[in-house]
Amino acid sequence: MAAAPMVEAKALVKRFGNVEAVRGIDVQVRTGEAFGFLGPNGAGKSSTMRMIASTSPRSDGDLRVLGMDPDVDGPRIRARLGSVPQQDTLDTELTVRQNLQIYGRYFGMSRAAVRRKATELMEFAQLSDRADDPVDTLSGGMKRRLTIARSLVNDPDLLLLDEPTTGLDPQARHMLWDRLFRLKAGGVTLLITSHYMDEVEQLCDRLVVMDDARIVAEGSPSELIARYSTREVLELRFPPGEQGGVAERVAELGERVEELPDRVLVYTGDGERALEQVHGRDVRPVSSLVRRSTLEDVFLRLTGRTLVD
Amino acid sequence: MAGGDVTGGDVTGAATTSVDAGSRATGRVVGSWRAAWLRVEAHWTWYRRYWRSSLYSSGLQPVLFLAAMGLGFGSQVEAGPATGGLAYVQYVAPALLVAGAVQNAIAESSYPVLSGFKWQQDYHAVTATPVTAGQLLGGQVIWIALRVAIASVVYTIVALLFGAWRNAGALLVIPVGVLAAVACGTAIMAVAATTYNEGERFAAIFRFLVMPMILFSGTFFPIEQIPAAVRWLAWISPVWHGTELARGVTLGGLGIWPALGHLAFLGALLGVSAVLARRYFYRRLVV
C-alpha cells in the first residue's frame, strides 16, 4: 500500500472578505520529508499553514491532512499535529514545566504521561534548568524553543513551523535548526514557512516558492537553483550614486544581470572570469564577491524582488 | 485506530486508509466536557500560583462592603418596613454576595478573556489542539463559576461571623450569586470576543453599566425608592433579579412565581449570552 500524502491540497483557496490570501495552490507533502514554503511576508504562507493546521477553514478547493478532511475531522487531525505558530502564544505567567504539562493534557494524555513528556522535552529544548521558572523570565530564543517543545508533546506525525526562527539571533537559530534536524531524523514530517532562504535551503528536501498568494515554483533547493539560476553569482557593490549605467555595461558578461538598489548581480557559470572582464572594462566596484547561487537568487529571478527588504 | 472509521466508505475511502498506519502520535480527541474541564485544570494551575493577587477583588472587597455598609452604616439604619423588619446587615448581606459575584465575574470575563485572544494569545494555542473554540468557552464559563463560588463561600463564612445570616437559606444564596455572575460574565465574554482594540469599552462598561447596576438594583435599598419612571431600569438589571432571589431564599417573602420569573430571566440571559459568545469565539479563533 503506497503511503498516502501527509498533506494534499488541490486548487486550495483562502479568502478574507474580498482579499484572496491563497489563490488556488496545489501541494503534496510526503511522509518523512521536510517541506518548505518560501516567500516574502504576505505571500499566503501563513494562511496556507493555518488551513493545514485545521484551525482555519478553506474557502475553496480540496484539502486532505493525514488523509482526512479538516472541515470534518479537525480535532482528529489536530490530535496528531504539532503546531508552532508565528507568535509563541505561551502562558507567560506559568512555568516552563506547567506550559508543557497543561498542553499535553489537551491531547488526552494522562497526568503521569505529561509529567514524563515534559521532562523529556525540557531536556530536548535545553530548558531543564529553567523548568520551574515562569515563561516571562525566559529570553526570546528560550521561549521559541519552549514553543517548539510544546508542539511535540503529542509526538506529532506532522510538525508545522510558521517562521520558526524569525527574530532570533544566529546562535539561537542554529540551535533550533539542530533540533529540527533531529526531529526529521526521528521520522517527523516537517512543514516550514520562512522568508529566510538559508533556513529553507538548510532544512528542506523540497519546497514551493510562493509569491502574491500563488506558487511560482516547486522542487528541491538544488533543482530550483539549477533551473532558475546559474552556478555562480558575481556581486558588485558601488558607492552610493555611482551605480548608474553599470548594469548595461556589464550586461553581456553573464547569462543575466540584476540590479538591486545597493549592488549589481551578474549571473554566470564562472564568477572569477566575469570579474576579470569587469575590470577589463574599467568598471571599478568598491567591493566584489563571487558566490554560489542561492534560493534568494531563484526568488529574485521568479518575482523580480528580494525576499527580505 | 482503524482507517476510514469516519470518512471511510465514501468516495475518499482509498485516501483515508493508509496514513494512520505507522502513526507515532500519542494525542487523541477528548470528549467535550472533558475538554472544558481540562481548561478548568489549566486555570486552576494558574490560580494556585496567583490566588493571593486576586484576593482583594474577589474576596476582600465584598467583605469590606459588608463591614462598612452592613455594620457601620447599618448601625444608623433602623429596622423597618423597607428592610422587612430586619437588621440592615441581614438585609444587605445576600445582596452584597450577588453584587460582588457579578462584579468579580465581569472583571474576569473582560480583559483576561481579551488577552487570550489578543495579547497572550493562548486561546489560539488551545484551539490548535483537539480542544475546540466552543469547549474553550465552556471551560472559561465553568472556571468563572468555580472562582465565584470559592469567593462566595469565603464571603458567606465571614458574613456568618458578622451575624448577617438568619438561617441555612444562606447556603442557597451562593448558587444564586453564581448564576447571576455567570450570566453576566458570559455576556461580557461575548463582548470580549468582538473587541479588537485595547479594550477601552470595558472601562466604559464598568463605569456606566456595572456601577449603576450595583447601586440601583435593590442592593442597598428597595427599588421602590427609585422614581417609577426609571424603575424599569432595575427590572432589566440581572443584579436585581439575583438580589431578589438571594433575599427570597434566606429572608423569605418571595412567592414561587416571582422566584421562577427571576430564575427565568437569569437563565435566559445566560442562554442567549452563551449562544452569542460561542458564535463569536468561533468567529475569532477559526478564521
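Residues numbered from 1 in each chain as written. Chains lettered and ligands numbered in written order. Predicted model: local features only at pLDDT ≥ 70, side-chain atom pairs only at ≥ 80, totals over all residues.

(A) Examining the overall build of chain A more closely. For chain A, the count of helices and strands is 11 helices and 13 strands. Residue burial in chain A is summarised as follows: out of 309 residues, 52% are buried. (Helix = DSSP H or I, 4+ residues; strand = E, 2+ residues; numbered from the N terminus. Buried ≥ 20, exposed ≤ 12 C-beta atoms within 10 Å, placed from the backbone.)

(B) Inspection of the overall build of chain B at higher detail. Counting its secondary structure elements, chain B contains 12 helices and zero strands. With the principal axes as the frame, chain B shows a C-alpha extent of 80 × 40 × 40 Å. Evaluated residue by residue, chain B yields a buried proportion of 48% over its 287 residues. A fraction of 78% describes how many contacts in chain B between residues 6 or more apart in sequence connect residues 24 or more apart. (Contact = placed C-beta atoms within 7 Å.)

(C) The domain arrangement of chain A, seen in detail. Domain parsing of chain A yields domain 1 (7-220) and domain 2 (230-292). For domain 1 of chain A and domain 2 of chain A, the distance between their C-alpha centres works out to 39 Å. (Domains from an automatic or database assignment.)

(D) How the structure looks around the UniProt feature "domain: ABC transmembrane type-2" (unreviewed entry) in chain B. According to UniProt, the positions carrying the feature "domain: ABC transmembrane type-2" (unreviewed entry) are residues 53-281 of chain B. Regarding residues 53-281 of chain B, the helix share stands at 72% and the strand share at 0%, and the terminal C-alpha atoms are separated by 28 Å. (UniProt positions renumbered as here; feature names shortened; annotations may be inferred.)

(E) The arrangement of the sheet that holds strand S1 (residues 7-16) of chain A in detail. Residue and element names in this part refer to chain A. Taken in spatial order, the three strands of this open sheet run S2-S1-S4, and their pairing is antiparallel. Each having just a single partner strand, strand S2 (19-29) and strand S4 (60-65) make up the two edges of the open sheet. This sheet shows a mean twist of 25 degrees between the axes of neighbouring strands, independent of strand direction. Two elements, S1 and S4, share five bridges in a ladder whose sense is antiparallel. Note on S4: the bridge partner recorded for Ala-9 is Leu-63. (Pairing = 2+ DSSP bridges. Axes fitted to C-alpha atoms, helices over the stretch in contact; angles between N-to-C directions.)

(F) Region of interest: the interface of chain B and chain A. Each partner contributes to the interface: chain B provides 34 residues, whereas chain A provides 39 residues. The biggest single contributor to the side of chain B that touches chain A is helix H2 (residues 32-50) of chain B, with six residues. Taken together, the residues of the side of chain B that touches chain A break down into 17 nonpolar, 13 polar and four charged. (Nonpolar A, V, L, I, M, F, W, Y, C, P; charged D, E, K, R; others polar.)

(G) Up close: unusual backbone geometry. Residue and element names in this part refer to chain A. Phi at Leu-66 is positive, roughly 55 degrees, even though this residue is not glycine. In this fold, Leu-66 is placed in the loop between S4 and helix H2 (70-78). Of note, Ala-213 is a non-glycine position whose phi angle comes to about 70 degrees, a positive value. By the secondary structure assignment, Ala-213 is in the loop between strand S8 (206-211) and strand S9 (214-219).

(H) Focus on the packing of helix H4 (residues 88-109) of chain B against helix H8 (residues 170-193) of chain B. Residue and element names in this part refer to chain B. Between H4 and H8, whose axes approach to 8 Å, the crossing angle comes to 25 degrees. The angle between H4 and H8 falls in the class roughly parallel. Of the two possible hands of crossing, H4 and H8 adopt the one that is right-handed. Contacts from Pro-94, Leu-97, Val-98, Ala-101, Val-102, Asn-104, Ala-105, Ile-106, Glu-108 and Ser-109 in H4 reach Val-173, Val-176, Gly-177, Val-178, Ala-180, Ala-181, Val-182, Cys-184, Gly-185, Ile-188, Met-189 and Ala-192 in H8. The residue makeup of the contact of H4 with H8, split by class, is 17 nonpolar, four polar and one charged. (Parallel < 35°, antiparallel > 145°, perpendicular 65-115°, else oblique. Left-handed = near helix turned anticlockwise from the far one by under 90°.)

(I) Here's a closer look at the packing of H2(B) against helix H7 (residues 133-161) of chain B. All names here are of chain B. Two elements in contact, H2 and H7, have axes separated by 8 Å at closest approach and are oriented at 55 degrees. One way to sum up the angle between H2 and H7 is to call them oblique. Relative to H7, H2 is oriented so that their crossing is right-handed. Residue-level contacts link Ser-32, Ala-35, Ala-36, Trp-37, Arg-39, Val-40 and His-43 of H2 to Gln-135, Leu-136, Gly-138, Gly-139, Gln-140, Ile-142, Trp-143 and Leu-146 of H7. Per-class residue counts for the contact of H2 with H7 are eight nonpolar, six polar and one charged.

(J) Main features of the sheet that holds strand S5 (residues 81-84) of chain A. Residue and element names in this part refer to chain A. Within the open sheet, the six strands sit side by side as S5-S6-S7-S3-S8-S9. Their pairing is mixed. The two strands at the open ends of the sheet, each matched to only one other strand, are S5 and S9. Neighbour-to-neighbour, the strand axes of this sheet turn through a mean angle of 15 degrees, independent of strand direction. Two elements, strand S3 (residues 34-38) and strand S7 (residues 189-194), share five bridges in a ladder whose sense is parallel. Looking at S7, one finds that Ala-34 is bridged to Leu-190. Along the sheet, helix H5 (residues 140-151) contacts S5 and strand S6 (158-162); its crossing angle with S5, the most-contacted strand, is approximately 165 degrees.

(K) Quick look at the confidence of the model for chain B. All names here are of chain B. Averaged over chain B, the pLDDT score is 90; the fraction of residues at 70 or greater is 92%. Within the model, pLDDT remains below 50 along residues 1-18, and this stretch shows 30 contacts once partners closer than five positions in the same chain are excluded. Here the prediction assigns the complex a pTM of 0.90, and the interface score ipTM is 0.89. (pLDDT = per-residue confidence, 0-100.)

(L) Representation of H2(A) in the model. Taken as a whole, H2(A) has its buried residues at A:Pro70, A:Asp73, A:Gly74, A:Arg76, A:Ile77 and A:Arg78. Packing partners of the buried residues in H2(A) comprise helix H1 (45-52), S4 and S5 of chain A.

(M) Highlighting the pairing of S7(A). All names here are of chain A. Of all the six residues making up S7, six are buried; the element is thus mostly covered by neighbouring parts of the structure. Of the two faces of S7, the one holding Thr-189, Leu-191 and Thr-193 and the one holding Leu-190, Ile-192 and Ser-194 are both buried throughout. Read as a crossover between parallel neighbours, the route from S6 over helix H6 (residues 170-185) to S7 is right-handed. (Right-handed = clockwise from strand over helix to strand, strands pointing away.)

(N) A look at H7(B). Helix length check: H7(B) (29 residues) gives 43 Å between terminal C-alpha atoms against 42 Å at 1.5 Å per residue, within 8%. A positive phi of about 70 degrees marks B:Gly163, the residue just after H7(B). (Expected span 1.5 Å × (residues − 1).)

(O) Local environment of the environment of A:Gln98. By the element assignment, A:Gln98 lies in helix H3 (residues 96-105). Sequence separation between A:Gln98 and A:Val135 is 37 residues; the distance between their C-alpha atoms is 9.6 Å.

(P) Geometry of the pairing of strand S10 (residues 232-237) of chain A. Taken together, the six bridges between S10(A) and strand S12 (residues 263-268) of chain A define a ladder with antiparallel strand orientation. Bridging from a neighbouring strand, A:Val233 pairs with A:Tyr267 of S12(A).

(Q) Expanded view of the nonpolar core. With 160 residues, the main nonpolar core has A:Leu160, A:Leu190, A:Leu191, B:Val98, B:Val102, B:Ala180 and B:Val182 as its most contacted residues. The biggest single contributor to this core is H8(B), with 18 residues. Discounting chain neighbours no more than four positions away, the residues touching B:Ala180 are B:Val98, B:Ala101, B:Val102, B:Pro238, B:Val239, B:His241, B:Gly242 and B:Leu266. If you look at the next biggest cluster of nonpolar residues, it comprises 14 residues, including A:Leu234, A:Val246, A:Val250 and A:Leu253. (Core = buried A, V, L, I, M, F, W, Y, C linked by C-beta atoms within 7 Å.)

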